[in-house]
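# Examining the three-dimensional arrangement
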Amino acid sequence: MFRTVHYEIRSPKVPEPFDGFSMVHLSDLHGAVYGEKNRLLIEKIRELQPDLVVMTGDMADAGDGSALGLIDLCRRLLETYPVYYVPGNHEQAMKPEEQAWLMGTLKDLGVLMLANQRRSIWRREACVEVYGLVMAMTYYKDPMREDYVKGIHFSTEDTRQALGEAKESRFNILLCHNPLYFPSYRDWGADLTLSGHIHGGIIRIPGLGGLLSPDLTLFPKYDGGCFHESGRHLVVSRGLGNHFLVRVMNPAELVLVTLRTKGDKRDV
Ligand SMILES: [Fe+2]
């Protein structure tokens, strides 16, 4: 089973009509199924009554049939909620025809795919922006890949090249599977970044945090949870599923994020 984690993000840039706006954040499902046809996951999401569902990648893996479960999950969630989606490295690693079929099927269902794109959400006269950032696989720094480049970095300028200029007068939400380059996203103009990928560091060590990232970094900085830097926020889901290594003292999690307009209490 999974646990549910709630973060409250407070910023004076959140417009008043968005005070209390909530998003359920799913990441790294990797084909996991909670109850028949994900009944338990869907029931929990309905209980949370979000305004929006966002998925930040690695929701299905290549060639194992998990895409069918994801499509069914999205179809049922779309009956009630808008679903925004940014692909992760596992969707990117699919064969081109498999990736095109999955992305096309999700889009046809009504999932809003944000691959270096932006969508405005309006409430009354106010607006927040949601961006989805996708980067080339080499930036995942996987030492097992042929395109591994030691020391490669995804910069603020790279973020700008992918997404254009951030609308600084608005509250900017960035969906990006990989949290590794949060300082670049932050300096580009992301007020709130939602990420996954790290699986909480796989093994949680009390007092030290998550042990290992997918790029084999020990004790990765953004391993899971809520981080605040320079007035900007990062939420990293520990993810809902497993890939290759099994979690230890690191439960799967469903994340709820609520926006608040003011105050200094930043997460609960
Ligand atoms: Fe990933």
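Here goes a summary of the coordinates provided.

Basis of the calculations
- Residues numbered from 1 in each chain as written.
- Predicted model: local features only at pLDDT ≥ 70, side-chain atom pairs only at ≥ 80, totals over all residues.
- Heavy atoms only, no water.
- Buried < 20%, exposed > 50% of the residue type's maximum accessible area, 1.4 Å probe, protein only.
- Helix = DSSP H or I, 4+ residues; strand = E, 2+ residues; numbered from the N terminus.
- Arc of directions from axis to C-beta.
- Phe/Tyr/Trp six-rings, centres within 6.5 Å; stacked < 30°, edge-to-face > 60°.
- 1 Å grid on protein atoms, 1.4 Å probe; cavity = no way out; pocket = protein on both sides within 12 Å on 5 of 7 lines; lining within 4 Å.
- Points joined across faces, edges and corners; volume = space filled by probe spheres on them.
- Nonpolar A, V, L, I, M, F, W, Y, C, P; charged D, E, K, R; others polar.
- Salt bridge = Lys/Arg side-chain N within 4 Å of Asp/Glu carboxyl O.
- Axes fitted to C-alpha atoms, helices over the stretch in contact; angles between N-to-C directions.
- Parallel < 35°, antiparallel > 145°, perpendicular 65-115°, else oblique.
- Left-handed = near helix turned anticlockwise from the far one by under 90°.
- Contact = heavy atoms within 4.5 Å.
- Donors = N, O, S within 2.8 Å, 3.2 Å for Na, K, Ca; no water.
- Tetrahedral: all angles 85-135°; square planar, octahedral: opposite > 155°, others 65-115°.
- Pairing = 2+ DSSP bridges.
- Right-handed = clockwise from strand over helix to strand, strands pointing away.

Another aspect to go through is helix H1 (residues 39–48). Taken together, the buried positions of H1 are occupied by Leu41, Ile42 and Ile45. Down the axis of H1, the buried set is contained in an arc of 95°. They therefore lie on one face. A positive backbone phi angle near 50° is found at glutamine 49, which sits one or two residues after H1.

As a further point, take the packing of aromatic side chains. Within the structure shown, the criterion is met by 8 aromatic pairs. Taken together, a centroid distance of 4.9 Å and an interplanar angle of 90° make the contact between tyrosine 131 and tryptophan 188 edge-to-face. Residue tyrosine 131 is located in strand S7 (residues 126–133), and its partner tryptophan 188 is located in helix H6 (residues 182–188); the two are separated by 57 residues in the primary sequence. When sorted by exposure, tyrosine 131 lands in the same class as tryptophan 188, which is buried. Judged by centre distance (6.0 Å) and plane angle (45°), the rings of phenylalanine 154 and tyrosine 181 are tilted. Here phenylalanine 154 is found in the loop between S7 and helix H5 (156–163), whereas its partner tyrosine 181 is found in the loop between strand S8 (171–176) and H6, with 27 residues between them in sequence. Given a relative accessible area of 5%, phenylalanine 154 falls into the buried group. In this structure tyrosine 181 comes out as buried when scored by relative accessible area, which is 2%. Here the aromatic cluster, defined as three or more aromatic residues joined through ring pairs, consists of Tyr139, Phe154 and Tyr181.

This part is about the layout of surface pockets. A volume near 590 Å³ is recorded for the largest pocket. Forming the boundary of the largest pocket are 25 residues, of which Asn89, His90, Asp142, Pro214 and His243 lie nearest the centre. Classifying every residue of the lining of the largest pocket by side-chain character gives 12 nonpolar, 7 polar and 6 charged.

Scanning the model with the defined rule gives 24 salt bridges in all. For the salt bridge of arginine 118 with glutamate 129, the shortest nitrogen-to-oxygen distance reads 2.9 Å. In this pair, arginine 118 sits in strand S6 (residues 117–123) while glutamate 129 sits in strand S7, placing the two residues 11 residues apart along the sequence. The class of glutamate 129 is buried, set by a relative accessible area of 0%. Across the pair arginine 232 and glutamate 168 runs a salt bridge whose closest N-O atoms are separated by 3.3 Å.

In contact at an axis separation of 10 Å, helix H2 (residues 66–77) and helix H4 (residues 96–109) are set at 15° when each is read in the N-to-C sense. Here H2 lies roughly parallel to H4, going by the angle between them. The interaxial crossing formed by H2 with H4 has right-handed handedness. Listed contacts from H4 to Ala67, Leu68, Leu70, Ile71, Cys74 and Arg75 of H2 are Trp101, Leu102, Thr105, Leu106 and Leu109. A class-by-class count of the residues in the contact of H2 with H4 yields 9 nonpolar, 1 polar and 1 charged.

Here the iron ion is held by Asp58 (OD), Asn89 (OD1), His177 (NE2) and His197 (ND1), and the distances to it run 2.0 to 2.3 Å. Given 4 donor atoms and angles of 87 to 171° at the metal, the environment of the iron ion is assigned as irregular. Positions of the donor residues of the iron ion, expressed as sequence spacing, correspond to D-x30-N-x87-H-x19-H. Of this pair, asparagine 89 sits in helix H3 (residues 89–92) while histidine 177 sits in the loop between S8 and H6, and the two are 88 residues apart along the sequence. What makes asparagine 89 buried here is its relative accessible area of 13%. Relative accessible area serves as the criterion here: at 1%, histidine 177 is assigned to the buried category.

Take the pairing of strand S9 (residues 192–195) next. In summary, the side chains of a regular strand alternate between the two faces of the sheet. Burial along S9 is two-sided: Leu192 and Leu194 facing one way and Thr193 and Ser195 facing the other are all buried. Looking at chain direction, S8 and S9 are connected through 3 bridges and run parallel. Of the residues in S9, the one forming a bridge with leucine 175 is leucine 194. Taken together, S8, H6 and S9 form a β-α-β motif whose crossover is right-handed. In this structure, S9 lies alongside strand S13 (residues 232–236), joined through 4 bridges in parallel fashion. Each bridged residue has a counterpart across the sheet, and for serine 195 the counterpart in S13 is valine 236.

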